[in-house]
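Chain by chain, the residues:
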Amino acid sequence: MTLKKSSNILDKSFKELSIQVSLSGLSFCIADSALNEIETIDTVSFDKKANAESLLAHLENWFDKDSIKGSSFNKIVAVHENELSSFVPKSLFNESNLSDYLKYNVKILENDYINYDELKEHDMYNVYVPFTNVNNYLFEKFGDFEYKHFSTVLVETLINNAKKSDPKTIYVHIDSMHFEIIVLDQKKLVLYNTFQYLQKEDFIYYLLFTIEQLQLNPEETPTFLLGNVSEESELYKIAYRYIKNLKIGEAYYPPKLNNVIEKLNAPKTLVLLNSL
């Protein structure tokens, strides 16, 4: 989705800005599209879960930094990260029924604005509720920008990097307060779901429950952990007790950033970098 406002292209630079917005924190990436280089990766973590209204103050503080103030960007992408989304096969999608795809899975309000991303190459749509106040702020500040849902970028990245010969595979993308489970079968999406967790026991319960419901074998099914995780983390250790074909997933860099791989903390910025 793109919001447009008249602007003078001569005022633009070659810089591209990606902003990942969630109630647990913000992430920012500034890339130079002419040089294919990353200039800045910055993260703002919240001590406790924020609300949608308080996100604006954190955004304003970041843009008010001396190193950012007055910057212009050739492209801006906002990535909305929340649990208010649902994938819909193209054959079942009707733009007039957006709320119906969400109301049985997530809590939505009568006045919530609902939009969707089209995953053209994969014959499906992602219906979701964006942070409209964030979109309004960016539109007033910069004019043209694009926005999409976090799960759109994550699922597209995983499918695009999968092979048709791959067996049914589990991907678990981990953040500090939640994680997503994605199951692919020969480049087709079988399942996407997001879970809140506080303790490692919450994490392994939801993961094993999903594996059981899909009738997968935890001894054999390839399972990759992505995001905020390493082999030293408690989540990896407890998962390895029950899932033997377990690995830390690849970084899945965008091809245009291959020349800066060594400089990036890739596992924690998978979605942010692939959104540009």
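Residues numbered from 1 in each chain as written. Predicted model: local features only at pLDDT ≥ 70, side-chain atom pairs only at ≥ 80, totals over all residues. Heavy atoms only, no water.

Peer 1: How do you make sense of the overall build of the protein when you look at a structure like this?
Peer 2: Along the protein, the regular secondary structure elements total seven helices and 14 strands. The C-alpha radius of gyration computed for the protein amounts to 19 Å, which stays within 12% of the reference 19 Å derived for 276 residues, consistent with globular compactness. Seen along its three principal axes, the alpha-carbon backbone of the protein occupies a region of about 55 × 45 × 40 Å. When burial is assessed residue by residue, the protein has 47% of its 276 residues classed as buried. (Helix = DSSP H or I, 4+ residues; strand = E, 2+ residues; numbered from the N terminus. Rg over C-alpha atoms; globule rule 2.2 N^0.38 Å. Buried < 20%, exposed > 50% of the residue type's maximum accessible area, 1.4 Å probe, protein only.)

Peer 1: Please explain the packing of helix α1 (residues 55-63) against helix α3 (residues 132-142) as it appears in this structure.
Peer 2: For any two helices packed against each other, one specifies the inter-axial angle together with the distance between the axes. The contact between α1 and α3 brings their axes to 10 Å, and the two run at 30°. Judged by the angle between their axes, α1 and α3 are roughly parallel. As for the relative orientation of α1 and α3, their crossing is right-handed in sense. Contacts from Leu55, Leu56, Leu59, Glu60 and Phe63 in α1 reach Asn133, Val134, Tyr137, Leu138, Lys141 and Phe142 in α3. Tallied by class, residues from the contact of α1 with α3 come to eight nonpolar, one polar and two charged. (Axes fitted to C-alpha atoms, helices over the stretch in contact; angles between N-to-C directions. Parallel < 35°, antiparallel > 145°, perpendicular 65-115°, else oblique. Left-handed = near helix turned anticlockwise from the far one by under 90°. Contact = heavy atoms within 4.5 Å. Nonpolar A, V, L, I, M, F, W, Y, C, P; charged D, E, K, R; others polar.)

Peer 1: What exactly am I supposed to notice about the nonpolar core here?
Peer 2: Among the nonpolar cores identified, the biggest contains 24 residues, and Leu17, Ile19, Leu59, Phe63 and Leu138 are the most heavily contacted of them. Elements that contribute at least two residues to this core include exactly β2 (15-22), β3 (25-32), α1, β5 (75-80), α3 and β9 (145-149). Ignoring any residue separated from it by four or fewer positions in sequence, one finds Phe63 in contact with Leu17, Ile19, Ile68, Lys69, Tyr137, Leu138, Lys141 and Phe142. Counting residues in each nonpolar core, the second largest holds 21 residues, with Ile174, Phe195, Leu207 and Ile238 among its members. (Core = buried A, V, L, I, M, F, W, Y, C linked by side-chain atoms within 4.5 Å.)

Peer 1: Just to check I follow, could you spell out the packing of aromatic side chains for this structure?
Peer 2: Two aromatic rings are characterised by how far apart their centres lie and by the angle between their planes. The tally for this structure, following the rule as stated, stands at 21 aromatic pairs. Between the aromatic rings of Phe28 and Trp62, the centroid separation amounts to 3.7 Å while the plane-to-plane angle is 0°, which identifies the pairing as stacked. Within this pair, whereas Phe28 is found in strand β3, its partner Trp62 is found in helix α1, the two being separated by 34 residues in sequence. Look at Phe28 and you get buried, because its relative accessible area is 0%. A residue is classified by how much of its surface remains accessible, and Trp62, at 3% relative accessible area, is buried. Between Phe179 and Phe203, the ring centres sit 4.8 Å apart and the planes meet at 65°, which makes this aromatic pair edge-to-face. Remark: Phe203 occurs in helix α5 (residues 200-213) and Phe179 occurs in strand β11 (residues 178-185); sequence separation between them is 24 residues. As far as burial versus exposure is concerned, Phe179 and Phe203 are alike and both buried. Taken together, the ring pairs connect Phe179, Phe195, Tyr197, Phe203, Tyr205, Tyr206 and Phe209 into an aromatic cluster. (Phe/Tyr/Trp six-rings, centres within 6.5 Å; stacked < 30°, edge-to-face > 60°.)

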